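Secondary and tertiary structure notes
This is what each chain is made of:
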Amino acid sequence: MTPDRFETHDVDVLVIGAGGAGLRAAIEASAQGARVGVVCKSLLGKAHTVMAEGGVAAALGHVDPNDSWKVHFKDTMLGGKMLNNWRMAQLHAQEAPDRVRELEHWGAVFDRTQDGRILQRNFGGHSSPRLAHVGDRTGLEMIRTLQDHGVHQGIEVYMECTVTQLQMDGNRVVGAFAYWRETGRFVTFRAKAVVLATGGVGKAYKITSNSWEYTADGHALALRAGAELIDMEFVQFHPTGMVWPPGVQGLLVTEAVRGEGGTLCNKDGERFMKRYDPKRMELSTRDMVARAIYTEVKEGRGSPHGGAYLDISHKQAEVVKKKLPSMYHQFLDFANIDITKGPMEVGPTVHYIMGGVRVDADSGAATVPGLFAAGESSGGMHGANRLGGNSLSDLLVFGRRAGAGAAAYAAKAPAHATLDPAQVSSAERELLAPFERASGPDPYSIHRKLQDSMQSLVGIFRTAEDLERGIEAVAALRREAKAVRVEGSRAFNPGWHLARDLDNMLLISEAIARCALQRKESRGAHARLDYPNLDPSLGGVNSVATMDGEEVRVAQSPLPPMPDELRSLFEPETAGVKG
Amino acid sequence: MAEATLHVFRGDASGGDLKEYKVPLEEGMVVLDAIHHIQGHQAPDLAVRWNCKAAKCGSCSAEVNGKPKLLCKTRMDALPLDAPIVVQPMKTFPVVKDLVTDVKWNYEVNKKIAPFTPKKNAEWRWKQEDIDRVQEFRKCIECFLCQNVCHVLRSHGRTDAFAGPRFLVRVAGLEMHPMDSLNRTKYLKDDAGIGFCNITKCCTEVCPEEITITDNAIIPLKERVVDDHYDPVRKLFRLMAGKKED
């Protein structure tokens with residue numbers, strides 16, 4: 001039983017995930033001289049970043065010359081209810097403009113201002129038009145640019161390959177165990193540093209904008225490797241997902257619709273945001289707008305399919321088609337609705353998790369040596385609520401930093417460690433077990449139950465009673481999943497893959513529910529009906545999740561203190577936010 | 001509840017056949033929903049690629065009743081339901097399993113295209129109308145349906161000599177970028193095999209992003225190739241007008 005029974009690849013830096021963060025990390029690590037491998041569950045260029053629509057936030061000041069990194073920083077912290085890691089928010093605001101310009105120099109083609117520069121649009125919570133964009137397909141532009149730039153750098157891409165376990169040497173990450181989707185054969189990677197860039201957890205919920213890939217893989221790999229996760233209770237419900245027809249329920253309707261002037265009304269034709277946030281109206285932050293729509297529906301003022309009306313038809317049809325082309329086609333093709341002529345029906349959909357792997361702001365290093373994380377799988381940058389447009393910029397800024405951090409670490413690390421045969425064998429056994437059982441539940445049914453539980457018990461409004469029931473439900477499903485059985489062969493077998501992904505979703509669902517139970521207040525995306533107000537004493541603490549045997553443990557740790565020169569930017573706005 | 005009958009290809013590189021499945025019909029349902037229903041209730045190992053389910057990632061390409069389609073964008077109510085709906089993998093690429101084909105060749109072709117290479121010391125300003133065309137090309141979601149339907153690849157199997165519409169679109173996006181400094185006409189002529197295209201426009205017809213592949217990308221590139229490599233007078237004019245050179 002030696003590990004070299006399997007195909008093995010040696011790299012300096014192994015990047016897991018090929019969305020915006022993963023590709024940017026790979027490009028940077030490679031530019032620093034590291035030998036880089038990228039592993040991704042899908043084909044290259046299909047990661048969820050392609051679904052990002054509205055734009056990338058950066059204080060370029062092209063539309064509002066008064067915009068600056070300080071204003072962007074302030075907006076980000078206030079949007080995150082001051083729970084953000086201040087250093088990440090600062091680096092993000094300072095470096096986003098350079099990252100956007102760099103993307104343009106690599107071939108991205110952004111929409112233009114009248115004077116020929118990168119155009120910027122309004123978005124919720126941003127006090128200036130700040131989002132560089134390409135119509136409503138900004139994410140596609142970004143991923144294609146990074147993909148085409150990266151392939152010429154000699155980065156090895158292992159497509160349709162799924163990492164199931166990190167390999168450890170003591171407490172240090174030294175590699176990964178994976179399988180090829182196409183054949184089901186196993187493969188091991190020896191790496192001096194590993195960057196997690198696996199995105200989010202949306203598939204644990206029933207109504208989500210996320211694709212099949214978003215199964216908390218990086219979060220779970222990190223937790224099992226001994227890393228800390230922070231702020232896992234903060235799950236972002238995007239206010240506007242499609243609500244009808246059923247097959248596309250949850251599908252994203254870009255915030256750019258509101259950025260371009262779209263209005264939200266209830267069934268009585270009332271622009272209800274005036275009752276929730278009269279100053280910012282539709283361009284309030286996502287947590288506010290999502291709860292407002294949810295409340296309108298709950299109180300009987302929803303649209304026929306249980307949503308709100310989002311209307312952009314007062315704008316000229318040609319403008320709508322030019323600025324929101326994929327929304328135009330999405331509603332025409334899937335719902336028979338011409339958005340230039342009438343309103344869309346929209347409702348909240350699970351979109352993003354603010355929580356993730358605790359990292360060092362400057363290098364992306366996790367709390368475990370050799371492990372790095374960037375993008376949605378990392379935590380801290382967005383605090384209790386992410387502003388729209390701050391994800392694409394996050395991917396670029398911290399993808400680059402994690403790539404550099406991993407390359408620097410790898411350059412000083414000892415030679416590749418021999419993978420521990422016992423760990424490799426256990427990874428192998430874990431994957432093969434579902435084939436060997438004569439009977440057992442099928443993974444799809446467990447997945448449906450998890451999605452129902454998370455949606456109804458760990459959703460947009462929470463109570464201790466629901467969360468406790470949610471924790472019990474997830475624990476029961478974790479036990480059930482241990483007996484899961486799959487049919488068929490190892491070749492491209494989605495049922496088998498889901499059985500594996502389920503383990504990750506179940507573990508992280510438990511972390512989400514436990515963190516949510518622990519935070520006895522309402523802040524940002526975390527809304528407790530039994531604790532409806534901000535608790536100033538909780539404004540200074542992160543929730544921390546760790547693994548203890550098979551159990552998830554939660555605790556709290558103090559936020560890193562913000563330097564005075566940054567703190568002074570907030571007087572007196574924070575009076576009501578944080579004590 | 002109303003039902004639809006699907007005949008779905010089950011098999012691998014060694015062969016296979018159509019298997020019948022029945023699924024309950026739902027309002028607004030697309031073929032990918034039906035495939036997922038089969039996966040979740042009848043055949044958990046049925047292989048299909050998908051990601052965004054919103055026609056933005058180009059993963060779920062297949063052939064529905066013989067026509068190249070994105071499964072996520074093909075509404076069940078747009079198909080005749082009195083006969084079985086036949087769902088098969090793309091014909092041009094080797095079958096891996098069920099509806100999944102081996103599309104790696106496309107990624108190899110892409111690597112051979114000289115990357116975006118900006119002009120030195122230029123000012124990065126241009127008008128929106130100067131990039132409308134480039135942005136059209138950059139809408140491509142790499143579903144490879146154009147590659148699948150192109151007869152040079154589909155009927156004649158000339159993957160050895162022809163890059164296919166997807167990559168001619170990519171080259172057009174680079175060549176027409178206001179800041180790019182390279183000339184790729186030699187590549188187009190000798191490596192991409194642009195001469196193989198006889199502009200039947202099959203690619204344009206199947207493009208889910210409605211990119212005018214033939215008229216806006218391929219024909220202008222063919223003209224550039226002719227100017228540079230077959231017409232010395234036109235080439236001279238282009239040089240004098242300050243156009244880029246190999």
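Scoring rules and cut-offs
- Residues numbered from 1 in each chain as written.
- Chains lettered and ligands numbered in written order.
- Predicted model: local features only at pLDDT ≥ 70, side-chain atom pairs only at ≥ 80, totals over all residues.
- Helix = DSSP H or I, 4+ residues; strand = E, 2+ residues; numbered from the N terminus.
- Rg over C-alpha atoms; globule rule 2.2 N^0.38 Å.
- Buried ≥ 20, exposed ≤ 12 C-beta atoms within 10 Å, placed from the backbone.
- Contact = placed C-beta atoms within 7 Å.
- Domains from an automatic or database assignment.
- Nonpolar A, V, L, I, M, F, W, Y, C, P; charged D, E, K, R; others polar.
- Pairing = 2+ DSSP bridges.
- Axes fitted to C-alpha atoms, helices over the stretch in contact; angles between N-to-C directions.
- Parallel < 35°, antiparallel > 145°, perpendicular 65-115°, else oblique.
- Left-handed = near helix turned anticlockwise from the far one by under 90°.
- Core = buried A, V, L, I, M, F, W, Y, C linked by C-beta atoms within 7 Å.
- pLDDT = per-residue confidence, 0-100.

Points about the overall build of chain A
Across its full length, chain A holds 16 helices and 18 strands. Computed over the C-alpha atoms, the radius of gyration of chain A is 23 Å, within 12% of the 25 Å expected from 2.2 N^0.38 for a compact globule of 579 residues. Oriented by its inertia axes, the alpha-carbon framework of chain A measures out at about 70 × 50 × 50 Å. For chain A, with 579 residues in total, the buried portion stands at 62%. The contacts of chain A with a sequence gap of at least 6 include a subset with a gap of at least 24, amounting to 74%.

Comments concerning the overall build of chain B
Helix and strand counts for chain B stand at 10 helices and 7 strands. Dimensions along the principal axes, computed over C-alpha positions, put chain B at roughly 70 × 40 × 25 Å. Expressed as a percentage of the 246 residues in chain B, the buried residues total 46%. Taking all contacts inside chain B whose residues are at least 6 apart in sequence as the whole, residues at least 24 apart take part in 63%.

Examining the domain arrangement of chain A
All names here are of chain A. Domain annotation of chain A identifies domain 1 (3–235 + 352–412), domain 2 (239–350) and domain 3 (421–530). Relative to domain 3, the C-alpha centre of domain 1 lies at a distance of 24 Å. Residue-level contacts link 38 residues of domain 1 with 33 residues of domain 3. Counting residues per element, the ones that place at least two in the side of domain 1 that touches domain 3 are β7 (161–169), β8 (172–180), β9 (186–196) and α5 (217–224). When its residues are assigned to classes, the side of domain 1 that touches domain 3 shows 19 nonpolar, 12 polar and 7 charged.

What about the sheet that holds strand β10 (residues 229–230) of chain A?
Residue and element names in this part refer to chain A. Strand order in the open sheet formed by 4 strands is β15-β10-β17-β18, and the pairing between neighbours is antiparallel. If you trace the sheet from one side to the other, it starts and ends with β15 (356–357) and β18 (551–558), each paired once. Examined bridge by bridge, β10 and β15 share 2 bridges and lie antiparallel to one another. Residue pairing for β15: L229 is matched across the bridge by V357. Relative to β18, helix α15 (residues 494–518) is tilted by about 45°, and along the sheet it contacts β10, β17 (541–548) and β18.

Re the pairing of β17(A)
Residues and elements named next belong to chain A. Pairing of β10 with β17, which is carried by 2 bridges, proceeds in the antiparallel orientation. In the strand pairing of β17, L229 is matched with A545. Counted between consecutive antiparallel strands, the loop separating β17 from β18 contains 2 residues, among which G549 sits at a positive phi close to 65°.

So, the sheet that holds strand β13 (residues 308–311) of chain A
All names here are of chain A. What the 4 strands build is an open sheet, ordered β11-β14-β13-β12; its pairing is antiparallel. Each edge of the open sheet carries a strand with a single partner, namely β11 (235–242) and β12 (263–265). Strand-to-strand twist of the sheet, defined as the mean angle between neighbouring strand axes without regard to direction, takes the value 45°. Against the sheet, helix α8 (residues 286–298) makes contact with β11, β13 and β14 (344–353), and its axis sits at roughly 60° relative to β11, the strand it touches most.

Some words on the interface of chain A and chain B
Every contact between the two is made by 49 residues of chain A and, on the other side, 44 residues of chain B. Split by residue class, the side of chain A that touches chain B holds 21 nonpolar, 14 polar and 14 charged.

Points about the packing of helix α14 (residues 464–481) of chain A against α15(A)
All names here are of chain A. Where α14 meets α15, the axes come as close as 9 Å, and the angle between the chain directions of the two elements is 160°. Accordingly, the angle class assigned to the pair α14 and α15 is roughly antiparallel. In this structure, the crossing between α14 and α15 has a hand that is left-handed. Contact with α14, carried on its side by A464, L467, E468, G470, I471, V474, A475, L477, R478 and A481, involves L502, D503, L506, S509, E510, A513, R514, A516 and L517 of α15 and no other residues of that element.

Considering the pairing of strand β2 (residues 36–39) of chain A
Residues and elements named next belong to chain A. Of the two faces of β2, both are covered, the one formed by V36 and V38 as well as the one formed by G37 and V39. As judged from the 4 bridges shared by strand β1 (residues 7–16) and β2, these two strands associate in the parallel manner. Bridging across to β2, V15 finds its partner in V38. Where β2 meets strand β6 (residues 156–158), 3 bridges bridge the pair, whose relative direction is parallel. Each bridged residue has a counterpart across the sheet, and for G37 the counterpart in β6 is E156.

Re the domain arrangement of chain B
All names here are of chain B. Considered domain by domain, chain B is made up of domain 1 (3–101) and domain 2 (104–240). Taking the mean C-alpha position of each, domain 1 and domain 2 sit 31 Å from one another. With 11 residues of domain 1 at the contact, the number on the domain 2 side is 12 residues. Taken together, the residues of the side of domain 1 that touches domain 2 sort by class into 5 nonpolar, 3 polar and 3 charged.

Let's talk about helix α10 (residues 325–335) of chain A
Residues and elements named next belong to chain A. Among the 11 residues that make up α10, 8 are buried, leaving the element largely enclosed by the rest of the structure. Its buried side turned inward, α10 meets β11, α6 (256–259), α9 (317–323) and β14. Within two residues after α10, N336 carries a phi angle of roughly 55°, on the positive side.

What about the nonpolar core?
One finds V13(A), V194(A), V195(A), A222(A), F372(A), A406(A) and L168(B) to be the most contacted residues of the largest nonpolar core, which totals 258 residues. Broken down by element, the residue count for this core peaks at 14 residues, all from α15(A). Residues in contact with L168(B), not counting those within four places in the same chain, are A163(B), A192(B), I194(B), A217(B), I218(B) and L221(B).

Quick look at the confidence of the model for chain B
Per-residue confidence for chain B averages 94 on the pLDDT scale, and 97% of its residues sit at or above 70. This complex was scored by the predictor with a pTM of 0.96 and an ipTM of 0.94.

Re the environment of V134(B)
Turning to its location among the elements, V134(B) is positioned in helix α3 (residues 128–137). Here V134(B) falls in the partly exposed class, since 19 other C-beta atoms lie within 10 Å of it. Separated by 39 residues in sequence, V134(B) and G173(B) place their C-alpha atoms 4.9 Å apart. Each residue touching V134(B), except ones within four places of it in the same chain, is listed here: V109(A), G173(B), M176(B) and H177(B).

A word on unusual backbone geometry
The amide bond that connects W244(A) to the next residue, P245(A), takes the cis arrangement and shows omega of -5°. Topologically, P245(A) is positioned in the loop between β11 and α6. Look at D231(A): it is not a glycine, yet its phi comes out positive at around 60°. Of note in this structure, F144(B) is not a glycine but carries a positive phi near 65°. When you line up the elements, F144(B) lands in the loop between α3 and α4 (145–149).

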